[in-house]
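What the coordinates show
One-letter residues, chain by chain:
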Amino acid sequence: MATSQGYGFDIVSQPRCCRRWTFSPGSNHPPPSSPRITLVKWTPPRPGWAKLNFDGSVFHDGSGRASIGGAIRDGNGRVLLAFAEQTAHAPVGVVEGRALIRGLQLALDLGCRRLLVEGDDLTLVRLLRCESAQTRISPEMLDRIIWLLDSFDVCEVQHVYREGNAVADALCHEAYKTAEGRVWTDRLVPFKVWEKLEDDRRGVVHERVRK
């Protein structure tokens, strides 16, 4: 049974998940008791796998703007495909779900069979990993995501802090520059996105201050 709250939903039963998925440990850190710095960096998938980083962005400035973005990369950090699109204004959890769905669809179109999925929406990641029943998406959207995840031979889902998801975030902001959705390959991505890609490829470490 699910109860609607505005645009979002709270599922009171156990979350649905496909037992055929395999799950990597992710970054399920306990809340710290005192301020400290966490080192965060993007890591490539293992050989033979592709990695999807996705993100959703919502402006709360009255403009009604929202966007999705993501990048699919191989074990060398090379971009197989990157996307950036505007989307209808909605709560951020819903927009994150749209970004994930779009990224999964594109990964399937590319013929990816082993996929590592990574995003900074901890609520969504924990739901998909069957670690929590809390959700900000509708049961219908959840069913769609599960169906797509189950379409891969092997799929892993894990959380990353936003500092390790900078490419997807940059792509979200690129979406606001044009009303039409864009898809790029490695040599064609905008310069600001390319900079973030190079940081990831070089293994640049970011400091995250946790309070």
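Please refer to the structure placed before this passage.
Residues numbered from 1 in each chain as written. Predicted model: local features only at pLDDT ≥ 70, side-chain atom pairs only at ≥ 80, totals over all residues. Heavy atoms only, no water.

For the protein, the helix and strand inventory stands at five helices and 10 strands. Relative to its full complement of 211 residues, the protein shows a buried share of 51%. Sequence-distant contacts, at least 24 apart, represent 74% of the contacts inside the protein between residues at least 6 apart. Of the accessible surface of the protein, which amounts to about 10,600 Å², a share of 51% is contributed by carbon and sulfur atoms. (Helix = DSSP H or I, 4+ residues; strand = E, 2+ residues; numbered from the N terminus. Buried < 20%, exposed > 50% of the residue type's maximum accessible area, 1.4 Å probe, protein only. Contact = heavy atoms within 4.5 Å. Areas by Shrake-Rupley, 256 points an atom, 1.4 Å probe, with all protein chains shown as cover.)

Here we take up the sheet that holds strand 5 (residues 66-73). Ordered in space as 8-7-4-5-6-9, the six strands form an open sheet in which the pairing is mixed. Only two strands of the sheet have a single partner each, and these edge strands are strand 8 (154-159) and strand 9 (182-184). Here the strands of the sheet are splayed against their neighbours by 15° on average, with no regard to which way each runs. Examined bridge by bridge, strand 5 and strand 6 (residues 79-86) share seven bridges and lie antiparallel to one another. Bridged to I72 within strand 6 is L81. (Pairing = 2+ DSSP bridges. Axes fitted to C-alpha atoms, helices over the stretch in contact; angles between N-to-C directions.)

Side-chain pairs of opposite charge can arise where the charged atoms are in close proximity. Applying the stated rule across the entire model yields 13 salt bridges. Several salt bridges converge on common partners, so that one network encompasses R126, R129 and E131. (Salt bridge = Lys/Arg side-chain N within 4 Å of Asp/Glu carboxyl O.)

With that out of the way, let us pick up the environment of E96. Note that E96 resides in helix 1 (residues 92-110). Measuring from C-alpha to C-alpha, the distance between E96 and G69 comes to 9.2 Å, with 27 residues separating the pair along the chain. Excluding anything up to four places from it in sequence, E96 contacts F54, D55, G56, D120, D121 and L124.

Moving on: the side chain of R208. In this structure, R208 sits in strand 10 (residues 206-210). Note on R208: relative accessible area 18%, which makes it buried. At a separation of 3.1 Å, a polar atom in the side chain of R208 contacts the side chain of E163. Sequence-distant contacts of R208, defined by excluding residues within four places in its chain, comprise R36, I37, T38, V40, Y161, R162 and E163. (Polar contact = N/O pair within 3.5 Å; in protein donor to acceptor, adjacent residues only side chain to side chain.)

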